[in-house]
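Fold and contact review
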Amino acid sequence: MNPLNVITKDITKYTLSLDKMYPKAYDKLTTNPYTKTRVILMNGTEYESVWFLHQFARHTDNTEIKNYLAIVRAQEQMQQKRIACLKPINESILETTISYEQLAIDLTATLAQNDTDKENIESLNFALLEDFDHLYRFSNLMILDKEKLDPKMLVGGLTEITPARPTLAHHRYPVDNIKKPMCAKKSKLYSKLVAGIITAAEQQTMNYYMNIAQFYKNDLGRKLYSEIAMVEEEHVSQYESLKDPTCSFLEQWVLHEYTEAYLYYSAFEEEKDENIKRIWEEHFEMECAHLKIACMLFEKYEKGDTRSVIGDGEFPPLLKLGTNKKYIRDVISRTITLTGDKQGYIDVMKLKSNADFFLYQQEFVGDENTKASHVVIEKVIKKNGQDYRYEDKKNEIKELQNRKIDNITLARKKC
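If you're wondering where the values come from, they're calculated on a predicted model, not measured in any experiment.

This part takes up the overall build of the chain. A tally of regular secondary structure across the chain gives 14 helices and 2 strands. Relative to the 2.2 N^0.38 estimate, which gives 22 Å for 415 residues, the radius of gyration of the chain is 21 Å and therefore close to what a compact globule would have. For the chain, the spread of C-alpha atoms along the three principal axes comes to 60 × 45 × 35 Å. For the chain, the proportion of contacts with a sequence separation of at least 24, taken over those separated by at least 6, is 84%. Per element, the accessible surface of the chain, about 17,600 Å² overall, is 53% carbon and sulfur. Distance from the positive charge centre (58 side chains) to the negative charge centre (63 side chains) of the chain: 3 Å.

Next comes the structure, spelled out in structure tokens:
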């Protein structure tokens, strides 16, 4: 599929009415988990697009570009509102959160297995274990707060729920989250897509947690969302640092629109819900029209060749969300004790005692026994005799197999 070859209408003909912006929501009990994750992914993709276009508008004095930015931005906002309201009213904050973490896990694992860029793969695998542990922490909060639905049911048994690198170990000195950027002109198209997709997805998670924390119904939940939101800030910083910062705004716009078209077409190809499938199809055509505008402006004002950004336009292999249990277990077994170390990664045991990681842990975490990510597990163990898990077999890491103890030393302290 090549989005440049898709027949589109004039850009002004894609306005969505207020009625069309409010779709029929999915059924939270019968909808496939990966349909829910696609809704979250595309919501985040549109959010990223809207704010990129706002930033672009604030950095150009070209009237023609500003006008097109305004038209496209309004349409991206319409798409975002439509997608956001696919979530049903009766889906709780925690139920939605489980889908957010399932997306983070299986999207990250899928991208890592299909990329060839070493920096991308290392970053994806590193953050994968942290999102995996977040799913475990939020699932236990769901049990503690007596939510009606079982986390295993929400993930459809497609993603395991078990601890990985403990959340308390995720709090790093900010500089250690900044990685080496790619060179857009030398990087493969798929690798550029990966950096953009995962940045948008993690940004959506960060935004959700940082805004929803204040609305949770108890102090422990508010604290847990706030703590994990800080980790998502680290993930966004890490992923966005992989992107080439030397690309012009117009060049970035071309890639943004191409990424959206790629994701909508991927979603369309995979979607089983016919109502949502039609939405993906309609939005795909809109993004093809947006892409053509971005390409036109790039060629007009920078005399650029869009082939330097997106090649001939033909999509690389499409994104297919699915279960990744074996891959995740392998990554856990190989990288559980890693932490960030400037532009690279290092085993915590190899860090010097005065490393920034340990100093930041002391300042930011303080008394580990009072922190929400640990307390929630301790409370479930005290209440039920063991933590909540969904595992096909025992955890890959010996230190994490005991269901009556929450290990918060692994990957955090020199033992």
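Moving on, there is more to tell.
By the definition in use, this model includes 24 salt bridges. For Lys300, the salt bridge is made with Glu64, and the minimal N-O distance between the two is 2.8 Å. Linking Lys300 in helix α10 (residues 274-302) with Glu64 in helix α3 (residues 63-84), this pair joins segments that are 236 residues apart in sequence. The class of Lys300 is partly exposed, set by a relative accessible area of 39%.

Pairing of strand β1 (residues 338-341) with strand β2 (residues 344-347), which is carried by 4 bridges, proceeds in the antiparallel orientation. Counterpart to Leu338 in the pairing with β2 is Asp347. Counting the residues that bridge the hairpin from β1 to β2 gives 2 residues, and of these Lys342 lies at a positive phi of roughly 55°.

Assignment of secondary structure puts Thr306 in the loop between α10 and α11 (307-310). Filtering out sequence-adjacent residues up to four positions away, Thr306 remains in contact with Cys295, Phe298, Glu299 and Gly311.

Moving on: the nonpolar core. Counting 111 residues, the largest nonpolar core has Leu107, Trp253 and Trp280 as its most contacted members. Broken down by element, the residue count for this core peaks at 13 residues, all from α10. Of all hydrophobic cores here, the second largest spans 6 residues; its members include Val348, Ala355, Phe357 and Phe358.

Rules behind the numbers
- Residues numbered from 1 in each chain as written.
- Predicted model: local features only at pLDDT ≥ 70, side-chain atom pairs only at ≥ 80, totals over all residues.
- Heavy atoms only, no water.
- Helix = DSSP H or I, 4+ residues; strand = E, 2+ residues; numbered from the N terminus.
- Rg over C-alpha atoms; globule rule 2.2 N^0.38 Å.
- Contact = heavy atoms within 4.5 Å.
- Areas by Shrake-Rupley, 256 points an atom, 1.4 Å probe, with all protein chains shown as cover.
- Lys, Arg positive; Asp, Glu negative; His and termini not counted.
- Charge placed at Lys NZ, Arg CZ, Asp CG, Glu CD.
- Salt bridge = Lys/Arg side-chain N within 4 Å of Asp/Glu carboxyl O.
- Buried < 20%, exposed > 50% of the residue type's maximum accessible area, 1.4 Å probe, protein only.
- Pairing = 2+ DSSP bridges.
- Core = buried A, V, L, I, M, F, W, Y, C linked by side-chain atoms within 4.5 Å.

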